[in-house]
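Per-entry structural report
Listed below are the residues making up each chain.
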Amino acid sequence: MTLSDHIQLKIHHVSIIVADTSKALGFYSGLLGLKTCERPNLPFPGAWLQLGEQQVHLLELPNPDSHENRPEHGGRDRHTAFLVNDLDAIQQLLEARDITYTLSKSGRRALFCRDPDGNAVELIQDLSVIS
């Protein structure tokens, strides 16, 4: 028996460590379009972003992980994945902003890029919105 036998488990939020909240918001809000939501008064800078019923928490804290020796392809690194309505439009935005990306090696309509802090982000075409 597991915990999920007794309650419904689902993701509430993902936390991402960033060096500069405003720079990170340029990526997560400015590029991806996530909207900020209320954040309690915590003893460190950051921002909370709403994504449907889930949230992304940006934590401006010293990063305990080395940025060295990260794989070029974000699919071989820990990453956060988002469904997008139009992957082609995302590719155009990334190219216009000189953000490097690689296409998914799985054969899915997806790509990987990195946020300003080197965190890997996967953007997957939501197949339910393709006509």
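Up top is the structure these notes are about.
Quick look at the structure, then. (Residues numbered from 1 in each chain as written. Predicted model: local features only at pLDDT ≥ 70, side-chain atom pairs only at ≥ 80, totals over all residues. Heavy atoms only, no water.)

To continue, consider the pairing of strand β5 (residues 79-84). Burial along β5 is one-sided: the face carrying Thr80, Phe82 and Val84 is buried and the face carrying His79, Ala81 and Leu83 is not. Here six bridges tie β5 to strand β8 (residues 120-125), and the two strands are oriented parallel to one another. Across the sheet, the residue bridging to histidine 79 is alanine 120, located in β8. (Buried < 20%, exposed > 50% of the residue type's maximum accessible area, 1.4 Å probe, protein only. Helix = DSSP H or I, 4+ residues; strand = E, 2+ residues; numbered from the N terminus. Pairing = 2+ DSSP bridges.)

As enumerated under the stated definition, the model contains one aromatic pair in all. Aromatic side chains phenylalanine 27 and tyrosine 28 sit 4.9 Å apart centroid to centroid with 80 degrees between the ring planes, which places their arrangement in the edge-to-face category. For tyrosine 28, a relative accessible area of 0% gives the class buried. For the cation-ring pair, arginine 39 lies above phenylalanine 44, with the distance from its terminal atom to the ring centre recorded as 5.2 Å. (Phe/Tyr/Trp six-rings, centres within 6.5 Å; stacked < 30°, edge-to-face > 60°. Lys NZ or Arg CZ within 6 Å of the ring centre and 35° of its normal.)

So, about unusual backbone geometry. If you check the backbone angles, asparagine 69 has positive phi at about 60 degrees while not being a glycine. Its place among the elements puts asparagine 69 in the loop between β4 (54-60) and β5. Residue classification places asparagine 69 among the exposed positions, given a relative accessible area of 78%. Phi is positive for aspartate 98, which is not a glycine, with a value near 55 degrees. Position of aspartate 98 relative to the elements: it lies in the loop between α2 (87-96) and β6 (101-103). Judged by relative accessible area, aspartate 98 falls into the exposed class, the value being 71%.

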